[in-house]
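# Geometric and topological summary
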Amino acid sequence: MSEALISKIVAASERKSYNSGDMVMKQGDSGDGMIVITRGSVKVSIGDVVVDIMGRGAVIGEMAVLAGIPRTANVVADSAVSALWLTTESMRAIMTDSPELTGSLWKTAGMRFAENVLGAKSPYNGWSQMQLRRWLNEGEVSAPVDGTSVNLYGKVAILLSGKATSSTGGSESISAPAHLDLAEATFTSSAKIYMRDA
């Protein structure tokens, strides 16, 4: 990121502090912004399972900004934490001027969703977390034009935003976030999908 972009983010943010054990974000709550950790660490859990420990430089809550969905995990301060809080509105304004930042946030979100969805499924549940993350890093986020069909055969696909329907039968609409176990799908509602070769 450029110095100018970093300055914009800092200027638009509010400094927040959390004590060890404080709830930073609660799974299921509405998402009204995101944080960037500047000091300390947090535990990220889905239900009762800790899925990650994140520290300085980590971005948390990006899906609220990107797709307007409820919080997907609990985030609890693991130590004294300092962070920059960015409202959804202020972050979206910054993203308008930075396609690079927008793409980076979507990729981060796509990889996190894919890890959460695939981590419990075979063969991925037999992989180490690092192995799965390296494998997922090879994926990309795309934004098909509404009404476009995409061949998903031989691919792992996670619907991050918007909707999809099977192109080969069935008209039931699938809403994000979801794993798309389809050979081909048609996308609507400004969909974004994370895809990687299987």
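Here, every reference points to the structure presented above.
Owing to the predicted nature of the structure, the values given are computational and were not obtained by experimental measurement.

What counts as what
Residues numbered from 1 in each chain as written. Predicted model: local features only at pLDDT ≥ 70, side-chain atom pairs only at ≥ 80, totals over all residues. Heavy atoms only, no water. Pairing = 2+ DSSP bridges. Helix = DSSP H or I, 4+ residues; strand = E, 2+ residues; numbered from the N terminus. Contact = heavy atoms within 4.5 Å. Axes fitted to C-alpha atoms, helices over the stretch in contact; angles between N-to-C directions. Phe/Tyr/Trp six-rings, centres within 6.5 Å; stacked < 30°, edge-to-face > 60°. Buried < 20%, exposed > 50% of the residue type's maximum accessible area, 1.4 Å probe, protein only. Lys NZ or Arg CZ within 6 Å of the ring centre and 35° of its normal. Parallel < 35°, antiparallel > 145°, perpendicular 65-115°, else oblique. Left-handed = near helix turned anticlockwise from the far one by under 90°. Expected span 1.5 Å × (residues − 1). Salt bridge = Lys/Arg side-chain N within 4 Å of Asp/Glu carboxyl O.

### With respect to the sheet that holds strand S1 (residues 14–18)
Pairing within the open sheet is antiparallel, and its four strands lie in the order S1-S8-S3-S6. In the strand order of this sheet, the two ends are held by S1 and strand S6 (59–60), each with one partner. Strands in contact with helix H1 (residues 3–12) are S1 and strand S8 (81–87); relative to S8, the strand with the most contacts, it is inclined by about 90°.

### What to know about the packing of aromatic side chains
Scanning all chains against the criterion turns up three aromatic pairs. Between the aromatic rings of Trp 127 and Trp 135, the centroid separation amounts to 5.5 Å while the plane-to-plane angle is 80°, which identifies the pairing as edge-to-face. The buried category is assigned to Trp 135, whose relative accessible area is 14%. Through pairs of rings, three or more aromatic residues link up here, namely Tyr 124, Trp 127 and Trp 135. The residue whose ring lies beneath Lys 16 is Trp 85, and the NZ or CZ to ring-centre distance is 5.8 Å.

### Considerations on the packing of helix H4 (residues 99–118) against helix H5 (residues 129–136)
Across the interface, H4 lies against H5 with an axial gap of 10 Å and an inter-helix angle of 130°. In terms of orientation, H4 and H5 fall into the oblique class. In the crossing of H4 with H5, the sense of the turn from one axis to the other is right-handed. On H5, the residues touching Met 111, Ala 114, Glu 115 and Leu 118 of H4 are Gln 129, Leu 132, Arg 133, Trp 135 and Leu 136.

### Remarks on H4
Because each turn of an α-helix spans 3.6 residues, side chains separated by three or four positions end up pointing in the same direction. Here H4 contains 20 residues, and its C-alpha end-to-end distance of 28 Å stays within 8% of the 28 Å for a straight helix at 1.5 Å per residue. If you check which residues of H4 are buried, you get Leu 101, Thr 102, Leu 105, Trp 106, Lys 107, Ala 109, Gly 110, Met 111, Phe 113, Ala 114, Glu 115 and Leu 118.

### Some points on the side chain of Ser 161
Mapped onto the fold, Ser 161 is located in strand S11 (residues 155–166). Not counting the four nearest positions on each side in its chain, Ser 161 is found in contact with Ala 67, Trp 106, Ala 176, Ser 190, Ala 191 and Lys 192.

### Observations concerning the pattern of salt bridges
If you walk through the whole model with that rule in mind, you get nine salt bridges. One salt bridge connects Arg 133 with Asp 52, and the closest N-O pair in it is separated by 2.6 Å. With Arg 133 in helix H5 and Asp 52 in strand S5 (residues 49–54), this residue pair connects regions lying 81 residues apart in the sequence. Connected through shared salt-bridge partners, Asp 52, Glu 115 and Arg 133 make up one network.

Nothing here speaks to function; it is all geometry.
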